[in-house]
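Fold and contact review
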Amino acid sequence: MDSNGTHIKPTILILENNVQASDIISFELSRSGYYIFRAYNGREGLQRLHMRKPDILLLDIFMSGKSGIEAAEEVRMLGLDMPIVFLTTSTEYALKAYGVDAVQYLVKPLDDKRFFHAMDSVMGQIGKSKKNQIVIKVAGGIRQIQPNDIVYCESQKNYQVLYMAKGEYRIRMTAGKLWEILEAFCRFGRCGRSYILNMDHIVSVEREKIVMDNGCTIYIPRNKAAEFKKVYFGYYFDFRNGKA
């Protein structure tokens, strides 16, 4: 659903080198409310992915140039985590398919009931995943991120730096506004005005410093460390007791 309350169609990229098969699959999925864009080989598919990230990637294994497995491996190497569904005429590559975290492996010819049951299952997984995501605006556009991938956030005037498990994002936002977003997740604690910490990533809380599991050390006044210790240990013991 967008900011105006309008339901946004889920997007599927179909990589299928058989034009007739691609036409049939596209028609059926479009009728069911999916937004479709297509490519006919692995190289073209990867180019389309750079232009727009789909909700689901539907891949034929046997394609000219790059195989579907090779294309999927490159997708994962790019750090893209959308669900992958393989379509193929053979069960030969099933193990390799699950090696790239494919969520479905469907053997042609496709039975409509089985196909749409599989797609409904994938959409259910996406729905659960997106409930736990936050959306931020960065220099390169909009990003959806998993809160637990944030190690900690540091305020730098009107900007906030989000230090991730891999890389970082710099966003134009006040510390207060960012805290409004993150405080909904019990794993985050605010430490003074400058820091928001993901308590799942804390290694130790000492007198004047907090050590994170990405190797960073955050130095803070002793009184702020004492305040944060109460928050941290409260979260830790509540979580251990299944209350968080």
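Residues numbered from 1 in each chain as written. Predicted model: local features only at pLDDT ≥ 70, side-chain atom pairs only at ≥ 80, totals over all residues. Heavy atoms only, no water.

**Observations regarding the overall build of the protein chain**
Along the backbone of the protein chain there are seven helices and 15 strands. Relative to its 244 residues, the protein chain shows a buried fraction of 40%. If you take every contact in the protein chain between residues at least 6 apart in sequence, the share linking residues at least 24 apart comes to 45%. As presented, the protein chain carries roughly 14300 Å² of accessible surface, and 50% of it is formed by carbon and sulfur atoms. (Helix = DSSP H or I, 4+ residues; strand = E, 2+ residues; numbered from the N terminus. Buried < 20%, exposed > 50% of the residue type's maximum accessible area, 1.4 Å probe, protein only. Contact = heavy atoms within 4.5 Å. Areas by Shrake-Rupley, 256 points an atom, 1.4 Å probe, with all protein chains shown as cover.)

**Re the pattern of salt bridges**
Using the criterion set out here, one finds nine salt bridges in the structure. A salt bridge links Arg31 to Glu28; its shortest N-O distance comes to 3.0 Å. Of the two residues, Arg31 and Glu28 are both situated in helix H1 (residues 19-31); the distance of three residues between them amounts to about one turn of the helix. A salt bridge links Glu74 to Lys66; the shortest N-O distance between them is 2.4 Å. Residue class for Glu74 comes out partly exposed when judged on its relative accessible area of 29%. Taking relative accessible area as the criterion, Lys66 reaches 25% and is therefore assigned partly exposed. Via salt bridges that share partners, Glu16, Asp60 and Lys108 belong to a single interconnected network. (Salt bridge = Lys/Arg side-chain N within 4 Å of Asp/Glu carboxyl O.)

**Some words on the environment of Glu206**
The residue Glu206 is located in the loop between strand S13 (202-205) and strand S14 (209-212) in this model. Spatially, the C-alpha atom of Glu206 lies 8.9 Å from that of Arg222, the residues being 16 residues apart in sequence. Leave out the neighbours within four places in its chain, and Glu206 touches Val211, Ala225 and Lys229. Of note is the side chain of Glu206, whose polar atom sits 3.2 Å from the side chain of Ser204. (Polar contact = N/O pair within 3.5 Å; in protein donor to acceptor, adjacent residues only side chain to side chain.)

**Observations concerning the packing of aromatic side chains**
Geometry of an aromatic ring pair is reported as the spacing of the ring centres plus the angle between the planes. Summed over the entire model, instances satisfying the criterion amount to five aromatic pairs. A ring pair is formed by Phe115 and Phe116, whose centres lie 5.2 Å apart and whose planes are at 70°; its orientation type is edge-to-face. We note that Phe115, like Phe116, is buried. Taken together, a centroid distance of 6.3 Å and an interplanar angle of 50° make the contact between Tyr152 and Tyr195 tilted. Taken together, the residues Tyr152 in strand S8 (residues 150-156) and Tyr195 in strand S12 (residues 195-198) connect sequence positions 43 residues apart. The residues Tyr152 and Tyr195 share a single accessibility class, namely buried. Ring pairs connect the aromatic residues Tyr152, Tyr163 and Tyr195, which therefore count as one cluster. Directly above the ring of Tyr159 sits Arg170, whose terminal nitrogen or CZ lies 4.3 Å from the centroid. (Phe/Tyr/Trp six-rings, centres within 6.5 Å; stacked < 30°, edge-to-face > 60°. Lys NZ or Arg CZ within 6 Å of the ring centre and 35° of its normal.)

**Observations concerning the side chain of Asp55**
Mapped onto the elements of the fold, Asp55 is located in the loop between helix H2 (42-51) and strand S3 (56-60). Look at Asp55 and you get buried, because its relative accessible area is 17%. Polar side-chain contacts of Asp55 include one of 2.7 Å to the backbone nitrogen of Thr11.

**Observations concerning the sheet that holds strand S9 (residues 159-164)**
With antiparallel pairing, the five strands of this open sheet are ordered in space as S10-S9-S8-S12-S11. The two strands at the open ends of the sheet, each matched to only one other strand, are strand S10 (168-172) and strand S11 (188-191). Each neighbouring strand pair of the sheet contributes to a mean axis angle of 15°, computed without reference to strand direction. Pairing analysis gives four bridges linking S11 to S12, with the strands arranged antiparallel. (Pairing = 2+ DSSP bridges. Axes fitted to C-alpha atoms, helices over the stretch in contact; angles between N-to-C directions.)

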